[in-house]
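Structural overview
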Amino acid sequence: MENTSTRYNDAKARYAELGVDTDEAVKILETIAISIHCWQADDVTGFENSGDALSGGIQVTGNYPGKARNMDELRLDILKAMSLIPGNHRLSLHETYGDFQGQKVDRNEVEPAHFQSWMDWGKANNIRLDFNSTSFSHPKSGNLTLSHPNKEIRNFWIDHTKRCRAISNEMGRQQGDPCMMNLWIHDGSKEVPANRLRYRVLLKASLDEIFSIEYKHMKDSIEAKLFGIGLESYTVGSYDFYLGYGVKNNKIVTLDTGHFHPTESIADKISSLLLFTPEIMLHVSRPIRWDSDHVVVLNDDLTDLTREIIRCNALDRIHIGLDYFDATINRIGAYVIGTRATQKALLLALLEPAATLIKYEDEDRLFERLALQEEMKAMPWQAVYDYFCLKNDVPTGAGFISEIQQYEKKVTGKRT
Ligand code: RNT
Ligand code: ZN
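Residues numbered from 1 in each chain as written. Chains lettered and ligands numbered in written order. Predicted model: local features only at pLDDT ≥ 70, side-chain atom pairs only at ≥ 80, totals over all residues. Heavy atoms only, no water.

1. What about the site of ligand 1?
Note the following rule: Distances are taken per atom, and a residue is near a molecule or strand as soon as one of its heavy atoms is within 4 Å of it. For the purposes of these results, a polar contact is taken to be a pair of N or O atoms within 3.5 Å, where, inside protein, one atom must be able to donate a hydrogen and its partner to accept one; residues adjacent in sequence count only when each atom of the pair is a side-chain atom. Residue exposure ignores everything except the shown protein chains as possible cover, and the areas themselves are Shrake-Rupley values with a 1.4 Å probe. A cavity here means a set of 1 Å grid points, computed over protein atoms only, where a 1.4 Å probe fits but cannot escape. A pocket is an open set with protein on both sides within 12 Å along at least 5 of 7 lines, and lining residues have an atom within 4 Å of a point. Just a note on the criterion: a molecule sits in a pocket or cavity if more than half of its atoms are within 2 Å of the grid points. Gly falls in the polar group here, along with every residue not listed as nonpolar (Ala, Val, Leu, Ile, Met, Phe, Trp, Tyr, Cys, Pro) or charged (Asp, Glu, Lys, Arg).
Taken together, Trp-39, Ile-58, His-94, Trp-184, Glu-223, Lys-225, Asp-256, His-259, His-283, Asp-323 and Phe-325 form the complete shell of residues around ligand 1. At a separation of 2.6 Å, an oxygen atom of ligand 1 approaches a polar side-chain atom of His-94. His-283 is positioned with one of its side-chain polar atoms (N or O) 3.2 Å from an oxygen atom of ligand 1. Computed on the free molecule, ligand 1 has an accessible area of 310 Å², of which 100% lies beneath the protein chains in the complex. At a threshold of 2 Å from the grid points, most atoms of ligand 1 map onto the largest cavity. Looking at the shell around ligand 1 residue by residue, the class counts come to four nonpolar, three polar and four charged.

The following block contains the structure:
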């Protein structure tokens, strides 16, 4: 503990030489609530008990033992993960994680009551909730939902999504803070369709109907994707589609960092979206080849993204959520690694000597700008993150590894 404080004070002095206030950075970092996704705990299974396999162009690989088998286990695991992450965070739920009490509740029957126990749990644990409608893993999913040419199927999913918005509104009302409802549907096709336009016309009409009701306690975000597994040639809800829809209808666009061409910079989109859409929702993820959902780690893509958030001074307009699923490693470990990596990236951004860099740029001293950016990479930011952990009473450095090992021994390892 003493070492952490000593190292922090050294780091503080070094950053101060560059005009950076580490205390201030930590203070801001503490206020950033990350919306942690419930679905890493159980490989996107949920509690419908329908027997439907995961579909919709997403896939979880691996069979590491210890996955949460029911709601109690999932809640326990999430609290365990949160106990190893500094700060106060949110939980993002999918509709399929409702408290259905063993009843068959179809997607067009779901109600706020099915999430009351979650709202109570959130309140008891000081965790605010976000929400997601669920188009995948259902007999009526197929390859098309809200853009299905068959009116009955389309209406089924319209009903579902409307109900999800009502649930989100109730969550927001009860927690006294808006609930973000993310809408992602997998609609697309493996081969090039005979007419791309007709599905987009239908999706637009479905969205118009879904959003025709105004709510006070929830916000809508719409998430695009480049392609799904088995749906490689065409995605109805492409980025152009949702960006256009969001700009025209004042909706929040979700940027999932795994949903773009591999060399496309998601960081570069922030400053454009901020000018034309109300807020931004992020799904922080890590794409590797065909998979868009590897565990988040501290890499350049992530730090580029967080730097843009801070440089644009947009923490109040950008919601940071996580979205990845890995079943090959300890699932609680996956939560902790990804969330802490996101925080570290935010901290790096907060520790940037912004004023000096801008001054160099204004004076056309571009060598100096690049040199300082390079120097910042080797600054002792780790000491600042450790101090942040210490301050929030969670393990510093690699200390969380043994905690997870113990939890595995006592809890997850005993699950069969
Ligand atoms: C899928 C989207 C979507 C899902 C979750 C489970 O590619 O990223 O956000 O990951 O809804
Ligand atoms: Zn996503």
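2. Notes on the packing of aromatic side chains
Note the threshold: We call Phe, Tyr and Trp rings a pair once their centres come within 6.5 Å, taking the six-membered ring for Trp, and we label the pair stacked below 30 degrees between planes, edge-to-face above 60, and tilted otherwise. Under the scheme used here, helices are H or I runs from DSSP no shorter than 4 residues and strands are E runs no shorter than 2 residues, and both carry numbers assigned from the N terminus. A simple rule labels every residue: compare its accessible area, found with a 1.4 Å probe on the protein chains alone, to the largest value its type can have, and call it buried under 20%, exposed over 50%, or partly exposed in between.
In this structure the tally under the stated criterion is 12 aromatic pairs. Aromatic side chains Tyr-8 and Tyr-387 sit 3.7 Å apart centroid to centroid with 10 degrees between the ring planes, which places their arrangement in the stacked category. Of this pair, Tyr-8 sits in helix 1 (residues 2-17) while Tyr-387 sits in helix 13 (residues 381-391), and the two are 379 residues apart along the sequence. Exposure remark for Tyr-387: the relative accessible area of 21% places this residue in the partly exposed category. With centroids separated by 5.4 Å and ring planes inclined at 75 degrees, the aromatic side chains of Phe-47 and Tyr-97 adopt a geometry described as edge-to-face. In this pair, Phe-47 sits in the loop between strand 1 (35-37) and helix 3 (71-83) while Tyr-97 sits in the loop between strand 2 (90-94) and helix 4 (116-125), placing the two residues 50 residues apart along the sequence. Exposure remark for Phe-47: the relative accessible area of 10% places this residue in the buried category. Taking relative accessible area as the criterion, Tyr-97 reaches 0% and is therefore assigned buried.

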